[in-house]
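Spelled out from the first residue to the last, the chains are:
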Amino acid sequence: MKPSMLTGVVLVSILVSGTVLADNDCTDPVSEWKPREALRQQLEQRGWTVQRIKVDDGCYEVRGLDRRGNKFRGKYSPASLRIRQLEIQFADGGEASDYLDQDPKTK
């Protein structure tokens, strides 16, 4: 492989990997963001307790407890308040099926 071609391949690889890493960030314009309190209310209606909401990488990052006492951390789009990432530390007897959409209309 020629050195110039190798340099091009390496450069493209770096650019592509940077794009993939940037996908975790939210890019909603600040003018479209909904208030944090709206997200808090949305989660509390599910029976979750919100301990903290902060902005991280342009997303709302929330920490708290779900209705069963499991710790959670989630990233939400600030404009739509849709979940982008969710991490749950299950206590004994917890399972992921509690978090899956069970509405037959969406299947």
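Before going into details, it helps to say that this report is about the structure given with it. (Residues numbered from 1 in each chain as written. Predicted model: local features only at pLDDT ≥ 70, side-chain atom pairs only at ≥ 80, totals over all residues. Heavy atoms only, no water.)

Summarising burial for strand 2 (residues 59-65): 5 of the 7 residues are buried, a large majority. With 7 bridges connecting them, strand 1 (residues 49-56) and strand 2 associate as antiparallel partners. Note on strand 2: the bridge partner recorded for Ile53 is Val62. From the end of strand 1 to the start of strand 2, which pair antiparallel, there are 2 residues, and Asp57 there has a positive phi angle of about 55°. (Buried < 20%, exposed > 50% of the residue type's maximum accessible area, 1.4 Å probe, protein only. Helix = DSSP H or I, 4+ residues; strand = E, 2+ residues; numbered from the N terminus. Pairing = 2+ DSSP bridges.)

This brings us to the packing of aromatic side chains. This structure, assessed with the given rule, holds 2 aromatic pairs. Plain terms: the ring middles of Trp33 and Tyr60 are 5.6 Å apart, the flat faces sit at 70° to each other, and that makes the pair edge-to-face. Within this pair, whereas Trp33 is found in the loop between helix 1 (3-22) and helix 2 (36-45), its partner Tyr60 is found in strand 2, the two being separated by 27 residues in sequence. Classification of Trp33 by relative accessible area gives partly exposed; the value is 24%. For the ring pair Trp48 and Phe72, a centre distance of 4.5 Å and an interplane angle of 50° mean the geometry is tilted. Linking Trp48 in the loop between helix 2 and strand 1 with Phe72 in strand 3 (residues 71-76), this pair joins segments that are 24 residues apart in sequence. The exposure class of Phe72 is buried, given its relative accessible area of 5%. In this structure, Arg46 packs its charged tip against the face of Trp48, placed 4.9 Å from the ring centre. (Phe/Tyr/Trp six-rings, centres within 6.5 Å; stacked < 30°, edge-to-face > 60°. Lys NZ or Arg CZ within 6 Å of the ring centre and 35° of its normal.)

To continue, consider the pattern of salt bridges. Once the charged atoms of two side chains with opposite charge are near each other, the side chains can pair. Per the stated rule, a full pass over the model turns up 7 salt bridges. Note that Arg40 and Glu37 form a salt bridge whose closest N and O atoms lie 3.5 Å from each other. On the criterion of helical spacing, the pair formed by Arg40 and Glu37 is a turn pair, its members being 3 residues apart in helix 2. A salt bridge links Asp57 to Lys75, with the shortest nitrogen-to-oxygen separation between them at 3.4 Å. Of this pair, Asp57 sits in the loop between strand 1 and strand 2 while Lys75 sits in strand 3, and the two are 18 residues apart along the sequence. Each of the salt bridges in this network shares a partner with another, and the network as a whole consists of Arg52, Glu61, Arg63, Arg73 and Glu87. (Salt bridge = Lys/Arg side-chain N within 4 Å of Asp/Glu carboxyl O.)

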